[in-house]
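Observations on the three-dimensional arrangement
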Amino acid sequence: MMEPLLYSASGFLMKLADDLADETTAKIAGASAGILCGFSVGLLVTISSDAPYIFFGIFIGTLLAGKIDNLNHFLAGALFLLVALLGGLPVLEPVTLIVCVLGAFIDEVGHDLCKDKGYLSRIFEYRLILKMGILALAIIPNFISWIHGIGWYSLIFFLLFELSYEFTGWFDKHLIGYL
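Residues numbered from 1 in each chain as written. Predicted model: local features only at pLDDT ≥ 70, side-chain atom pairs only at ≥ 80, totals over all residues. Heavy atoms only, no water.

1. Here's the deal with the nonpolar core
Core analysis: the largest hydrophobic core is formed by 30 residues, its most contacted members being Tyr 7, Ile 54, Phe 55, Ile 134 and Phe 158. When residues of this core are traced back to their parent elements, those giving at least two are helix 1 (3-23), helix 2 (27-47), helix 3 (51-64), helix 4 (71-87), helix 5 (94-113), helix 7 (128-139) and helix 8 (152-175). Residues within four places of Ile 54 in sequence aside, it is in contact with Tyr 7, Cys 100, Ile 134, Ile 150, Ser 154 and Phe 158. Listed in part, the five residues of the second largest apolar core include Leu 16, Leu 20, Ala 26 and Ala 33. (Core = buried A, V, L, I, M, F, W, Y, C linked by side-chain atoms within 4.5 Å. Buried < 20%, exposed > 50% of the residue type's maximum accessible area, 1.4 Å probe, protein only. Helix = DSSP H or I, 4+ residues; strand = E, 2+ residues; numbered from the N terminus. Contact = heavy atoms within 4.5 Å.)

See below:
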């Protein structure tokens, strides 16, 4: 099954591109990570029924929060959209997409506003609002049939994405020192 691998690879590449933009001047490495990230996420949304909600939600939420703010992010976003367009954009149910967009947006804004503010900084440091939204989207369709929601397997795959993202952040501290 290719989905879990793409979720994990996308988390790794997204964090790597982000850290290379924020903490180094390694433009080629950062741009390459951004391009590979955009390609892997774009491919993921073309093969999964739930990934488009999650990753279009993240893309739109971060765009609205002003977080697509460097070359690596721009390249990742552009390639993501290009691959998704070439693969065929799915029709998305609005409620599920809006929950993902709002979760990503609140996480990004909260991450900047609540740094070093105790309990709140922990919530936003690990982007828990989007995770809780996706958990809710895995539960709600069992009670409200007209909401598409997110399948349980996609919730688990998204958690793989997040673990990969976090582990990459821990290892980047050592890797970036060499660049």
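2. A word on the pattern of salt bridges
Scanning the entire structure with this criterion turns up four salt bridges. Ionic pairing is found between Glu 108 and Arg 127, a salt bridge with its closest N-O pair at 3.4 Å. One end of the pair, Glu 108, is in helix 5; the other, Arg 127, is in the loop between helix 6 (119-125) and helix 7, and 19 residues separate them in sequence. Like Arg 127, Glu 108 is buried. In this structure, Glu 162 engages Lys 131 in a salt bridge whose closest nitrogen and oxygen atoms are separated by 3.0 Å. Of the two residues, Glu 162 is situated in helix 8 and Lys 131 in helix 7; the sequence distance between them amounts to 31 residues. Lys 131 gets classed as buried once you look at its relative accessible area, which sits at 17%. (Salt bridge = Lys/Arg side-chain N within 4 Å of Asp/Glu carboxyl O.)

3. Side note on the environment of Ala 65
Position of Ala 65 among the secondary structure elements: in the loop between helix 3 and helix 4. For Ala 65, a relative accessible area of 23% puts it in the partly exposed group. In this structure the C-alpha to C-alpha distance between Ala 65 and Ala 104, which are 39 residues apart in sequence, comes to 8.8 Å. Not counting the four nearest positions on each side in its chain, Ala 65 is found in contact with Phe 105, Glu 108 and Val 109.

4. A word on the side chain of Asp 18
Note that Asp 18 resides in helix 1. Of the side chains with opposite charge, Lys 15 lies nearest to the buried Asp 18, which makes no salt bridge, at 4.6 Å. A polar contact is formed between the side chain of Asp 18 and the side chain of His 73, at a distance of 2.9 Å. Those residues in contact with Asp 18 that lie beyond four places of it in its chain are His 73 and Tyr 165. (Lys, Arg positive; Asp, Glu negative; His and termini not counted. Polar contact = N/O pair within 3.5 Å; in protein donor to acceptor, adjacent residues only side chain to side chain.)

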